[in-house]
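Survey of secondary and tertiary structure
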Amino acid sequence: KLRSLAPNIPVIVMTGFGQVQMAVRAMKFGALDFLEKPIDECELVNLLRRAHAATANCQRHQASTLLADLTARELETLSKLVTGLTSKQAAQQLGISPRTVDVHRASILQKMGAPTTVVALAMLRQLEPDQYRLLTEDPQAMFNLVQSVA
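Residues numbered from 1 in each chain as written. Predicted model: local features only at pLDDT ≥ 70, side-chain atom pairs only at ≥ 80, totals over all residues. Heavy atoms only, no water.

Attention shifts here to the overall build of the protein. Each helix and strand counted, the protein has nine helices and two strands in total. Residue burial in the protein is summarised as follows: out of 150 residues, 33% are buried. Counting contacts in the protein only where the partners sit at least 6 residues apart, residues at least 24 apart contribute 46% of the total. Split by element, the accessible area of the protein, about 9,400 Å² in all, is 57% carbon and sulfur. (Helix = DSSP H or I, 4+ residues; strand = E, 2+ residues; numbered from the N terminus. Buried < 20%, exposed > 50% of the residue type's maximum accessible area, 1.4 Å probe, protein only. Contact = heavy atoms within 4.5 Å. Areas by Shrake-Rupley, 256 points an atom, 1.4 Å probe, with all protein chains shown as cover.)

As structure tokens, this is what we get:
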């Protein structure tokens, strides 16, 4: 049930009375590992580090994938919004109307599945630092990058 609710969260199964059949079943369902008590502290810390790394990599991939659905103009608009510009300021820099910026913003949020701009920006913070810099500095290059990967 956990896998259906949160498919990208690594699961470590810990039990006081493990059986081979139970361990096999847990691994088939995607558990990162199966530990039996007493649990070695160093082993648990290492597993938690692996789980954290796996989650971070998955989040970065998801953030990159979200950008693949955006048009070049939406990425260009997003690059202005990411830097904290208002719709009016972004419109001036892009040579379009503030209403058009708002239309692009609405489309971006819908494609990213984000309810607000703040949530979308938080999702983008999961990008690799180089990808985030590219988004803010050269949205056309970012568009080319995400299109080549998609």
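Before going further, it helps to spend a moment on helix α5 (residues 87-94). Regarding α5, the residues found buried are Ser87, Ala90, Ala91 and Leu94. The buried residues of α5 occupy an angular sector of 100° when projected down its axis, which confines them to one face. Residues of α5 that are exposed and point over 90 degrees away from its buried face: Lys88, Gln92 and Gln93. Here the buried face of α5 lies against α4 (72-82) and α6 (98-112). Backbone geometry just downstream of α5 places Gly95 in the positive-phi region, at approximately 75°. (Arc of directions from axis to C-beta.)

Before going further, it helps to spend a moment on the packing of α4 against α5. α5 packs onto α4 with a crossing angle of 125° between their chain directions and a minimal axis gap of 9 Å. With respect to α5, the axis of α4 lies oblique. Considering how the two elements wind past one another, α4 and α5 form a crossing that is right-handed. Where α4 abuts α5, its residues Arg73, Glu76, Thr77 and Lys80 lie against Ala90, Gln93 and Leu94. Of the residues that constitute the contact of α4 with α5, the class distribution is two nonpolar, two polar and three charged. (Axes fitted to C-alpha atoms, helices over the stretch in contact; angles between N-to-C directions. Parallel < 35°, antiparallel > 145°, perpendicular 65-115°, else oblique. Left-handed = near helix turned anticlockwise from the far one by under 90°. Nonpolar A, V, L, I, M, F, W, Y, C, P; charged D, E, K, R; others polar.)

This brings us to the pattern of salt bridges. Enumeration according to the criterion identifies four salt bridges in this entry. With a shortest N-O distance of 2.9 Å, Glu74 and Lys111 are connected by a salt bridge. Here Lys111 lies in helix α6 and Glu74 lies in helix α4, a separation of 37 residues in the sequence. Assessed through its relative accessible area of 30%, Lys111 is described here as partly exposed. (Salt bridge = Lys/Arg side-chain N within 4 Å of Asp/Glu carboxyl O.)

When you line up the elements, Phe29 lands in the loop between α2 (20-28) and β2 (33-36). Note: C-alpha distance between Phe29 and Val11 (18 residues apart in sequence) is 9.6 Å.

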